[in-house]
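Each chain is listed here by its residues.
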Amino acid sequence: MKRMSFVQALNDALDIMMAEDERVFLLGEDIGHMGGDFGVTRGLFTKYGGERVRDTPLSEAAIIGTAVGAAMVGMRPVPEIMFADFLGTCYDQIVNNAAKMHYMFDGQFKAPIVIRTAAGGGFGGGPHHSQSVEGWFMNVPGLVIVGPSTPQDAKGMLIACIENDNPVLFLEHKALYRVRGDVDEGKFSVPLRKAHIAREGTDVTIVASMKMTHEALAAAEELAAENISVEVVDLRTLRPWDTQTVLESVAKTGRAIVANEAPKMGGLGSDVSATIAEECFSHLKAPVKRVCGLDTPIPFSVPLEKVILPNKDDIKKAVQDTLAH
Amino acid sequence: MDGNTVLELYRKMWVVRAFEQGLEREFKKGNVPGMLHTGLGQEAVQAAIANSLRKTDAFFPDHRAHGLLVLAGTPGEKIMAELFGKATGVCSGKGGSLHSADPSVGNFGDNAVEGSMMATALGVGLAYKMQKRDDLAAVIVGDGTAGRGEWHESLNLAATWKLPVLYCCVNNGYAISTAVGDSHATAELYEFACAYKMQSVQVDGNDVVEAARVTAEAVDWIRQGKGPFFIEYKTWRWQGIFSGEFRPAEEIRYWKEEHEPMKLARDYMVKNHIADDAVLEQIKAEVEAQVETWITFALESPPPDLSKATANVYVGWEVETR
Ligand SMILES: Cc1ncc(C[n+]2csc(CCOP(=O)(O)OP(=O)(O)O)c2C)c(N)n1
Ligand SMILES: [Mg+2]
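Everything in this summary refers to the structure shown in the same document. (Residues numbered from 1 in each chain as written. Chains lettered and ligands numbered in written order. Predicted model: local features only at pLDDT ≥ 70, side-chain atom pairs only at ≥ 80, totals over all residues. Heavy atoms only, no water.)

**Digging into the overall build of chain A**
So, point 1. Along the backbone of chain A there are 11 helices and 14 strands.
So, point 2. What you see for chain A is a C-alpha radius of gyration of 19 Å, in line with the 20 Å of a compact globule of 325 residues.
So, point 3. Along the first, second and third principal axes, the C-alpha atoms of chain A reach 60 × 40 × 40 Å.
So, point 4. In chain A, the share of contacts with a sequence separation of at least 24, taken over all contacts with a separation of at least 6, comes to 82%.
So, point 5. For chain A, the accessible area works out to roughly 11,800 Å², and carbon and sulfur atoms hold 52% of it.
So, point 6. Between the centroid of the 32 positive side chains of chain A and the centroid of its 42 negative side chains there is a distance of 2 Å. (Helix = DSSP H or I, 4+ residues; strand = E, 2+ residues; numbered from the N terminus. Rg over C-alpha atoms; globule rule 2.2 N^0.38 Å. Contact = heavy atoms within 4.5 Å. Areas by Shrake-Rupley, 256 points an atom, 1.4 Å probe, with all protein chains shown as cover. Lys, Arg positive; Asp, Glu negative; His and termini not counted. Charge placed at Lys NZ, Arg CZ, Asp CG, Glu CD.)

Rendered as structure tokens:
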């Protein structure tokens with residue numbers, strides 16, 4: 001066990017996989033000697049060289065296309081898209097190519113790529129550097145979406161993703177990059193499609209992921225002082241998400257809050273709450289509540305951004321409302 | 001070019017022609033679902049490409065390359081059955097005309113989002129280079145895709161990284177109805193490759209001897225590790241637009257009669273005493289008869305098992321069924 005930041009944990013995972021498996025290579029903008037915009041690939045260029053830590057121009061479609069093509073012939077590419085907001089420029093490669101290939105060619109090809117990207121807001125990044133994009137991809141069969149919330153999961157899940165045969169969108173919330181935590185040393189993997197009970201409780205379940213997991217835990221801590229026992233489920237894999245763990249938790253507590261930073265309409269939060277309502281109706285003591293981003297772009301000015309993005313206090317209020325129902 | 005090679009190219013061209021004519025006939029009868037794009041008129045391009053690739057190469061066919069899929073080595077009946085949406089097709093009927101892949105012969109499948117394969121081919125080329133293989137990735141695209149961002153991203157990166165990628169640009173003059181010169185800065189598409197400092201050539205795509213010679217040279221260049229190569233084949237498609245014909249009568253006459261690929265090949269062989277009309281007729285008859293057996297096979301094949309509808313969405317994971 002070693003204490004390290006989320007960034008270091010990701011770096012460690014890449015290092016371990018590159019050392020172990022020649023097929024693993026990285027490509028993206030400024031990931032080489034600069035080590036990436038957020039330092040995730042720092043040191044790897046010196047260690048593995050420019051062939052395997054490949055700087056690209058601002059050609060996002062080509063970055064993903066290159067990754068997909070290489071994956072079709074046995075490589076394990078880990079492309080980086082600097083900001084998740086830019087995924088629109090390579091949406092087609094992800095949605096129509098990577099995610100569909102295994103199906104449309106009936107199993108003859110696969111596209112095991114892991115697209116790492118920095119997502120999420122809260123730091124004044126403005127409309128094009130702050131978005132939570134999982135909703136853009138929720139409706140894409142064949143794609144896996146992962147969003148860890150701790151350094152331990154960041155490392156273990158990145159390793160699991162590189163070893164998985166499906167295309168993965170790996171979301172790294174920017175607010176978590178500097179978060180530190182205990183991380184197991186050496187190689188290990190954290191299973192995909194398995195949610196984590198981040199805090200046990202009996203009165204209400206909060207389903208969250210990435211930064212919202214931390215907001216939910218902070219809310220739970222404060223609510224404990226009010227004698228409210230909150231269970232926090234950290235989804236970790238956002239698609240296909242772990243319905244079983246969520247439904248078991250809600251069956252136990254009878255109340256559910258779904259917290260998601262992205263806009264409420266048509267997002268992960270909608271899917272989770274609909275599934276709970278559909279599958280867990282008889283256990284529910286109150287309607288499921290969603291705590292999500294407002295249905296707006298993300299403004300630059302930080303006070304305005306705070307209006308848009310959900311936080312601990314919004315979650316707390318939702319819990320209190322649910323219990324008062 | 002030696003006579004046997006030309007004769008072989010001629011046979012290949014007939015595979016394309018007969019396949020498409022049979023397919024078109026069955027499509028009109030309602031036996032082939034979906035949309036149909038045919039390679040009629042572009043037989044020489046496909047024969048030339050097939051002549052130079054080997055099974056360990058990768059190729060990304062365009063939407064008119066059904067014949068090429070067969071020429072690459074997949075049994076014709078399996079391609080035909082795929083186009084009919086049958087269980088016996090190369091992709092169990094799940095891909096159809098636009099997505100009939102067969103990795104065993106290097107066929108990496110078309111992508112019906114036209115031009116997107118330009119980016120995918122980069123990855124195959126890069127991987128082959130990293131794996132120290134001397135195989136190449138060929139990508140076959142229409143003139144219409146020259147407007148795509150991926151098209152330009154691909155040329156730029158293949159040239160920068162010196163990747164073993166063969167660009168086969170089938171310039172048949174139009175994207176559906178829009179003339180190539182009306183929608184691009186140049187109608188001579190190889191000029192784009194020049195701007196990216198890539199080796200390139202423009203060739204008469206209806207002259208199979210020239211097209212095959214140029215393709216072989218390009219493949220040779222790439223196999224020597226000299227980087228990518230761009231070929232612009234000037235040709236013409238018989239198919240107009242879905243609803244009919246829109247091109248001027250004189251243009252149609254020129255391409256379908258005077259500068260028609262089969263005719264040019266025949267003239268060449270007769271002039272050079274490679275084969276007489278009887279031999280050439282026999283090739284045509286043989287191929288046509290073979291194609292009919294493929295059509296019969298496709299017609300008689302069962303539809304896919306319904307469990308295929310939810311199979312292979314994820315590797316190793318099942319999806320929910322109703
Ligand atoms: C990205 C994309 N845009 C539009 C279409 C619809 N479409 C199908 S074929 C075609 C024209 C393509 O022209 P070209 O590349 O010249 O090929 P041709 O049909 O002439 O062989 C268009 C616009 C498509 N399939 N993909
Ligand atoms: Mg065209």
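**Section: the site of ligand 1**
All names here are of chain B.
So, point 1. Taken together, 15 residues are adjacent to ligand 1, and His63, Arg64, Gly144, Tyr174 and Arg237 come closest.
So, point 2. One nitrogen or oxygen atom from the main chain of Tyr174 is found 2.7 Å from an oxygen atom belonging to ligand 1.
So, point 3. Starting from 580 Å² of accessible surface for ligand 1 in isolation, the protein chains cover 73%.
So, point 4. Judged by the fraction of its atoms near the pocket grid, ligand 1 is located in the second largest pocket. (Near = heavy atom within 4 Å. Polar contact = N/O pair within 3.5 Å; in protein donor to acceptor, adjacent residues only side chain to side chain. 1 Å grid on protein atoms, 1.4 Å probe; cavity = no way out; pocket = protein on both sides within 12 Å on 5 of 7 lines; lining within 4 Å. Sits in = over half its atoms within 2 Å of the grid points.)

**Considerations on the interface of chain A and chain B**
So, point 1. With 45 residues of chain A at the interface, the matching set in chain B holds 41 residues.
So, point 2. With both chains or domains summed, chain A and chain B bury close to 3,500 Å², and 62% of this area falls on carbon and sulfur atoms.
So, point 3. Counting across the chain A and chain B interface gives 3 salt bridges.
So, point 4. Residue Asp106 of chain A pairs with Lys94 of chain B through a salt bridge whose shortest N-O separation is 3.1 Å.
So, point 5. Linking chain A with chain B are 22 residue pairs in polar contact (both at pLDDT 80 or more), by the criterion used here. (Buried area = accessible area lost by both parts, 1.4 Å probe. Salt bridge = Lys/Arg side-chain N within 4 Å of Asp/Glu carboxyl O.)

**Looking at the side chain of Ser270 of chain A**
All names here are of chain A.
So, point 1. Position of Ser270 among the secondary structure elements: in helix H9 (residues 268-279).
So, point 2. For Ser270, a relative accessible area of 18% translates into the label buried.
So, point 3. Engagement of the side chain of Ser270 in a polar contact is seen with the backbone nitrogen of Gly266, the distance being 3.5 Å. (Buried < 20%, exposed > 50% of the residue type's maximum accessible area, 1.4 Å probe, protein only.)

**A word on the layout of surface pockets**
To find the voids left in a structure, one rolls a probe of water-molecule size over its atoms.
So, point 1. Its volume calculated, the largest pocket comes out at about 1,000 Å³.
So, point 2. Forming the boundary of the largest pocket are 30 residues, of which Arg239, Pro240 and Asp271 of chain A together with Val319 and Glu320 of chain B lie nearest the centre.
So, point 3. Of all the secondary-structure elements, those providing two or more residues to the lining of the largest pocket are helix H4 (91-104), strand E12 (237-239), helix H8 (243-253) and H9 of chain A.
So, point 4. Here the lining of the largest pocket takes 5 residues from H9 of chain A, the largest share from any one element.
So, point 5. For the lining of the largest pocket, a count of residues per class yields 15 nonpolar, 7 polar and 8 charged.
So, point 6. In terms of domain composition, the lining of the largest pocket takes at least three residues from each of domain 1 (2-183) and domain 2 (196-324) of chain A.
So, point 7. Put simply, the second largest pocket is a space of about 390 Å³. (Points joined across faces, edges and corners; volume = space filled by probe spheres on them. Nonpolar A, V, L, I, M, F, W, Y, C, P; charged D, E, K, R; others polar. Domains from an automatic or database assignment.)

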